[in-house]
Every structure is written in structure tokens, then in C-alpha cells.
Amino acid sequence: MSLIVHKYGGTSVGSVERIKAVAEKIVAKHRAGDKIVVAVSAMSGETNRLIGLAKAIHEEPNLREMDVLVSTGEQVTIALLCMALEAAGVSARSYTGSQVRILTDDAHGKARIKEIDSHRIHSDLDAGRVVVVAGFQGADDAGNITTLGRGGSDTTAVALAAALKADECQIYTDVDGVYTTDPRVVADARRLDKITFEEMLEMASQGSKILQIRSVEFAGKYNVPLRVMSSFEDGPGTLISLEDDDQMEKPVVSGIAFNRDEAKLTIRGIPDQPGVAYKVLGAISEANIEIDVIVQNVAKDNSATITFTVHRNDLARASKLLEQIAADLGAEEVASDDRIVKVSIVGVGMRSHAGVAATMFEALAAEGINIQLITTSEIKITVVIEERYLELAVRSLHSAFGLEQ
Ligand code: ADP
Ligand code: ASP
Ligand code: MG
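A quick note: this is a predicted structure, and the numbers were derived from the prediction, not measured. (Residues numbered from 1 in each chain as written. Chains lettered and ligands numbered in written order. Predicted model: local features only at pLDDT ≥ 70, side-chain atom pairs only at ≥ 80, totals over all residues. Heavy atoms only, no water.)

Val5, Val37, Ile121, Leu160, Cys169 and Ile240 are the most contacted members of the largest nonpolar core, which has 41 residues in total. Those residues in contact with Cys169 that sit more than four places away from it in its chain are Val5, Ala157, Val158, Ala161, Val224, Pro225, Leu226 and Arg227. Membership of the second largest hydrophobic core comes to 27 residues, among which are Val186, Ile381, Val383 and Ile385. (Core = buried A, V, L, I, M, F, W, Y, C linked by side-chain atoms within 4.5 Å. Buried < 20%, exposed > 50% of the residue type's maximum accessible area, 1.4 Å probe, protein only. Contact = heavy atoms within 4.5 Å.)

Printed below as a string of C-alpha cells:
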């Protein structure tokens, strides 16, 4: 008898019909003998709708209340799914995050899971019930409701699987696995049978929203076998696996990720001296603004330029701060640009292959796409380019590295 954690995302529970279909799927697996714990998201569009309501009342809503609000989406789907399971003759019980208890820190809107109490879940499973847990939420030490950040139900599922020592965590979604790139952008993207944790981590951190990055971190840390599969049709999906698998083919590039959520800031004409980068970037970090790509160059006249990227939501705040810093340092100019995107190629095979960057830059040059910034890690190369070239860049890189079906 296996213990499997299932996770169903927003589209998979987006209507009453879809919820019934998901219930049928769970019933079939339950009858076949699996013990099943399910994590569900809110119905598709619901979390955005709730955020919209809050923003209509206050530009920067209180974070604690925001979590009380947005966590309601998942409370609806756990109840409806349990009703559908009961209607199909299977005993089921729903729990919110705080009922389970999924204990988190108190960072509202981006809380981290610290501990999961698995007592109630185990006793329900032993009684033959299916357990349905609200994704995306938990509670802090004081019992305040917290949420885990957008896409956080993935992390709930993996954390449950780790706590329950499940045999597998299956992420059911609206695509039938992890593809070489977002199939909405490249029609002939190919489903991968397997991808390593390391690669999946880079793909997620570079913008692939198929899995929340923390869910992949969790799965890697606690060795949870993780599979992405379709809630609409049967199939093997994609297994996120450990690299030491010798059977595994190691293509140079496994996938292409992109991120439309970033913006670029530049400060020009600052002194090329120790401590200047700290003055500029330290102040931004202290304001709790996450900095991603950073590039510094020094001109012939010994003045320096620092360029970096931040989340688009933070651009206004970061710009304001940078203006102040520029005044303090006597900088020449501050510029900002929110019409940029980040495109990354990812693959463990890059470690042992030279010339990957050249192939990437050649493909972009052939399309007349200007590269604004470049950063690399051992298994990834990222470029920042103009937003309007995003689709063209992803498609041309996809074919340059032979990733199509
Ligand atoms: P869910 O609501 O089930 O959590 P998401 O919308 O969060 O689903 O994630 C699934 C979507 O991720 C797909 O519809 C697809 O457009 C997108 N996606 C981005 N990159 C990839 C990729 N490399 N492989 C598959 N899907 C991807
Ligand atoms: N409903 C939440 C969101 O839209 C969590 C999730 O779907 O994973 O971000
Ligand atoms: Mg998701």
C-alpha cells in the first residue's frame, strides 16, 4: 500500500465539473489501495480576485489581513472536493492549514513552513479516509493565518509528503509534465521524462512557474520523489530526480526559462572606489527589495556604472531610493526600464561542454536581439533582453539547442 500526496492546481479545480472529475480520479486510486492526502489550490482566478478586492480598498493592504483574505480561496475548494468525494462514496475530511497544523514563521505573504503535525492526517488515513488539505497556507506560533507566496500550494504538497514520508508527491496540473520550455510560448516544446532537482531548481528560480521554487528546494532537501502530471489525462508525467542516475541522458541544455516580472535600474557616473557598490546595493537590500542580476562596469574616466534588476512590483520604490543614493554619491544619472525580460538556458550538461554561451549568443544575434546583461552559473546562462523579443528569443534558442519534439 502506497501513501501518495496529490496536488491539484487552480485550473484543475476551476469549476464544479473539474472538482467532480478530480474526485473521480482520487476515488479510483483510493479504491486501488493507495492512501491519499490531497493539497488543493483555490479555483483558478480566485486568488487574483481576492487580491483585487483588497487593492480596491487600500493600495498597500495590511499583510496579516491580506493572508486572512487570500487563504479563503483554498478553504472553498477543500470543502467542495470533500463533498464530491463523499458523494462518490469515499469518506473524506478537509483541513485548513492551521487545523492540520502547518506551522510557519510569521512572514505574512511569504511564510516558510517550519513543522507539520501529521497526527490527525495519520489517524484519518488509518480510518480509511482521504485527507484534503488547503494549499498555500499555514499558521504562525501565535495562530495567525499565514500564506506561502504565489504558487505556494506546490510547497504545501511537498512539505506534506516530506512530513508523512510519502512514497511520491504528484503535482497534477493543466500540462502533462515539465516541458523544455513553457508550451504556451513554444508549440513544439517537448515533455521531459525526467529532470534533475538541480535543473528544476534553476528553471523555477529563473521564472518557470510550473513549480514554486520552494517546493523544489523542499523536495531536494528531504528527498521527496516529485512528479508533475496532468489532471486531465493519464500519463507518466515528469519525474524530478536525483542526478546520480546513470541511466539519465544529459543533454547540454535541458530547458529554457523566462521571467517577465523584472525591471532594470542603472546608476551612472559613480566613483570607482571601495564601498560604492555596498552603498548602492546595500541600501536597496535594506529596504527589503530583492536584487537579481548585477553588473558593474568602469569607464575610461574611472567612473563606474552599476546595473541591476528587481521585481517589477518593487521598481517604483527602488527607483526612488536610487535617486536618493545618486544625490548622495554625486552620480551622473539614474535610469530605469521595465520593458525587459530575463531568458535563461538551463542544463547540467553545460558543466562538461564548452561553447554553450557562444551558441546562445549566436542564435540571439541571428534574430537581431540585443543582449543587455549576462549572468551565468555552473548550469545556467541568463540574458536580459528587450521585452518585445521574448517569444522570438525563446523560440530561436529552443531550436538552436535542438529541444523540439
Ligand atoms: P497550477 O494552477 O496547476 O499550479 P500553474 O499555472 O501554476 O498551474 O503552472 C502550470 C503552467 O506552467 C502551465 O500551464 C504552463 O503554461 C506553465 N509553464 C511554464 N514553464 C513550463 C514548463 N517548462 N513546462 C510546463 N509548463 C510550464
Ligand atoms: N492560490 C494560490 C495562488 O494562486 C496558491 C496556488 O495556487 O498554489 O498563488
Ligand atoms: Mg502553480
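Moving on to the UniProt feature "domain: ACT" (unreviewed entry) in the protein chain. As recorded in UniProt, the feature "domain: ACT" (unreviewed entry) lies at residues 265–339 and 345–405. The span residues 265–339 carries 35% helix and 39% strand; its end-to-end C-alpha distance comes to 11 Å. Helix makes up 36% of residues 345–405 and strand makes up 23%, while its end C-alpha atoms are separated by 17 Å. (UniProt positions renumbered as here; feature names shortened; annotations may be inferred. Helix = DSSP H or I, 4+ residues; strand = E, 2+ residues; numbered from the N terminus.)

Among the six residues that make up strand S1 (residues 3–8), six are buried, leaving the element largely enclosed by the rest of the structure. Along S1, one buried face is formed by Leu3, Val5 and Lys7 and the opposite face, lined by Ile4, His6 and Tyr8, is buried too. For the handedness criterion, the β-α-β arrangement of S1, helix H1 (residues 16–31) and strand S2 (residues 35–40) is classed as right-handed. Bridge analysis of S1 against strand S9 (residues 168–173) gives five bridges, and the strand direction is parallel. Within S9, the position partnered with Ile4 by the bridge is Glu168. (Right-handed = clockwise from strand over helix to strand, strands pointing away. Pairing = 2+ DSSP bridges.)

Neighbouring ligand 2 are the residues Ser41, Thr47, Glu74, Phe136, Arg150, Gly151, Gly152 and Ser153. For ligand 2, an oxygen atom lies 3.0 Å from a polar atom in the side chain of Ser41. A distance of 2.8 Å is found between an oxygen atom of ligand 2 and a backbone nitrogen or oxygen belonging to Gly151. Protein burial of ligand 2: of its 260 Å² of free accessible surface, 87% is covered by the chains. Per-class residue counts for the shell around ligand 2 are one nonpolar, five polar and two charged. (Near = heavy atom within 4 Å. Polar contact = N/O pair within 3.5 Å; in protein donor to acceptor, adjacent residues only side chain to side chain. Areas by Shrake-Rupley, 256 points an atom, 1.4 Å probe, with all protein chains shown as cover. Nonpolar A, V, L, I, M, F, W, Y, C, P; charged D, E, K, R; others polar.)

In total, this model carries 21 salt bridges according to the counting rule given. Salt-bridge contacts for Asp141 lead to Lys114; the nearest nitrogen and oxygen are separated by 3.6 Å. You can see Asp141 sitting in the loop between strand S7 (137–139) and strand S8 (145–147) and its partner Lys114 sitting in strand S5 (residues 113–116), a full 27 residues away along the chain. The class for Asp141 is exposed, based on a relative accessible area of 58%. For Lys114, a relative accessible area of 49% translates into the label partly exposed. Between Arg351 and Glu198 there is a salt bridge whose closest N-O contact spans 2.4 Å. Here Arg351, found in the loop between strand S18 (340–346) and helix H12 (356–366), pairs with Glu198, found in helix H8 (residues 197–205); they are 153 residues apart in sequence, far enough to count as distant. Here Arg351 falls in the partly exposed class, since its relative accessible area comes to 36%. Look at the salt bridges and you will find they share partners, linking Arg93, Asp124 and Arg129 into a network. (Salt bridge = Lys/Arg side-chain N within 4 Å of Asp/Glu carboxyl O.)

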